[in-house]
Amino acid sequence: MRNFWIDTDTASDDAVAILMALRWPDVNVVGISVVAGNVHVEKGAKNARYTVELCAKKTPVYLGASQPLVREPTWGYFFHGDDGMGNKNYPEPSLPLAEGNAVEALIDAVRSNPGNITLVTLGPFTNIALALRIAPDIAEKISMCYAMAGAAATLGNITPAAEFNVYVDPEAAKIVFDSGIPLLMVGWEHCRGQANLVEEEMAYVRTFNTPFADFAIDCNAHAISTNKEWLTEPGLALPDPVTMAIALDPSICTKRSPHFVDVEIESELTLGMTVVDQLGVTKKEKNIEVCWEIDIQGWKDLLYKTLQQE
Ligand code: RIB
Ligand code: CA
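Residues numbered from 1 in each chain as written. Chains lettered and ligands numbered in written order. Predicted model: local features only at pLDDT ≥ 70, side-chain atom pairs only at ≥ 80, totals over all residues. Heavy atoms only, no water.

With distances of 2.2 to 2.6 Å, the protein atoms coordinating the calcium ion (ligand 2) are Asp9 (OD), Asp14 (OD), Asp14 (OD), Leu122 (O) and Asp240 (OD). Mapped onto the polypeptide sequence, the residues donating to the calcium ion (ligand 2) form the spacing pattern D-x4-D-x107-L-x117-D. With Leu122 in the loop between β4 (118–121) and α5 (126–134) and Asp240 in helix α12 (residues 239–248), this residue pair connects regions lying 118 residues apart in the sequence. We classify Asp240 as buried; its relative accessible area is 1%. (Donors = N, O, S within 2.8 Å, 3.2 Å for Na, K, Ca; no water. Helix = DSSP H or I, 4+ residues; strand = E, 2+ residues; numbered from the N terminus. Buried < 20%, exposed > 50% of the residue type's maximum accessible area, 1.4 Å probe, protein only.)

The structure is reproduced here in structure tokens:
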């Protein structure tokens, strides 16, 4: 079994990614840490617990950072809806919040599974940065981190320069990128265009006739309309599920390479920009890997597999 730890600002696309991991046969999700981002951390924790319960699991969900390290929060309600889940107002799950804070729980999980913990980050890096400040030793104990973060040599989604997860807490992203954690950055660009689920594909998902398939589409209702109207995209963009698909089957990332990547933390114009030294002109040490291409049909087929009945 592969041990996973998921850090998430659980809104609708995060929820699908969490569901994918919980339903993947050879993955054991040791824990889920929630961070402020799309929605307030308490709301994200409810959404995560609801998703865990839908999958008939008891995976512990921990409350983490309620705001970025140094900045005021930037919320994603405009994109995901008031509850972060397409305004479906799902009921309060019976699964309680796990005792203790997310950062300590993450540190304990990594130290208890040295070399066998895959970290998947689906939100701002606040919890991970705090964990690294408290326990720098975890950087070498994490076997791999797959991060839904940034925009590699391309435009952002929350500003012309920055992707949301990095923009919300750029200082945290910089700490994580410079920590030595083996990390593959999967930018938002990989969920765009052809990688969207279009209406026909969403209709195909509905034919699975499972609670997982209906949930995946229903909770993304608000995201679908915002994605089309605001970002002029063809359908449903699922950045976190694309990253989770790569974590579950790394061959879905068909082109990747190590580079020096830095994060803008000062300029107002480009705050949160992930600056990738693609040509090596800075001569600085390559700190993370960047995903440049994905197998689009492979990503969708893996998603479908997790939404159908086992
Ligand atoms: O930019 C996309 C990211 O921001 C996704 O993780 C989405 O859930 C939001 O957190
Ligand atoms: Ca997210």
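With respect to the helices and strands, the residue Asn165 is situated in helix α7 (residues 164–168). Residue class for Asn165 comes out buried when judged on its relative accessible area of 4%. A distance of 3.3 Å separates a polar side-chain atom of Asn165 from the backbone oxygen of Leu122. In contact with Asn165, not counting residues within four places along its chain, are Asp9, Leu122, Gly123, Pro124, Phe125, Met148 and Asp240. (Polar contact = N/O pair within 3.5 Å; in protein donor to acceptor, adjacent residues only side chain to side chain. Contact = heavy atoms within 4.5 Å.)

Quick look at the environment of Asn38 now. Position of Asn38 relative to the elements: it lies in the loop between β2 (27–34) and α2 (41–54). Not counting residues within four places of it along the chain, the set of residues in contact with Asn38 comprises Asp9, Ala11, Asp13, Asp14, Trp75, Gly76, Tyr77, His80 and Phe164. Side-chain polar atoms of Asn38 contact the side chain of His80, separated by 3.2 Å.

Moving on, we come to the site of ligand 1. As a structural note, the neighbourhood of ligand 1 is formed by Asp9, Asp13, Asp14, Asn38, Leu122, Met148, Asn157, Glu163, Phe164, Asn165, Pro239 and Asp240. Within the contact set of ligand 1, an oxygen atom lies 2.5 Å away from a side-chain nitrogen or oxygen of Asp13. Between ligand 1 and the protein, one listed contact pairs an oxygen atom with a side-chain N or O atom of Asp14 at 2.9 Å. Computed on the free molecule, ligand 1 has an accessible area of 280 Å², of which 95% lies beneath the protein chains in the complex. In this structure the site holding ligand 1 corresponds to the largest cavity. When its residues are assigned to classes, the shell around ligand 1 shows 4 nonpolar, 3 polar and 5 charged. (Near = heavy atom within 4 Å. Areas by Shrake-Rupley, 256 points an atom, 1.4 Å probe, with all protein chains shown as cover. 1 Å grid on protein atoms, 1.4 Å probe; cavity = no way out; pocket = protein on both sides within 12 Å on 5 of 7 lines; lining within 4 Å. Sits in = over half its atoms within 2 Å of the grid points. Nonpolar A, V, L, I, M, F, W, Y, C, P; charged D, E, K, R; others polar.)

Burial along β4 is two-sided: Thr118 and Val120 and Leu119 and Thr121, pointing in opposite directions, are all buried. Both strand β1 (residues 2–8) and β4 contribute to a ladder of 4 bridges, which runs parallel. Its bridge partner lying in β4, Phe4 is registered against Thr118. Sheet topology note: the β4/strand β5 (residues 144–148) ladder contains 4 bridges and is parallel. Across the sheet, Leu119 pairs through a bridge with Cys145, a residue of β5. (Pairing = 2+ DSSP bridges.)

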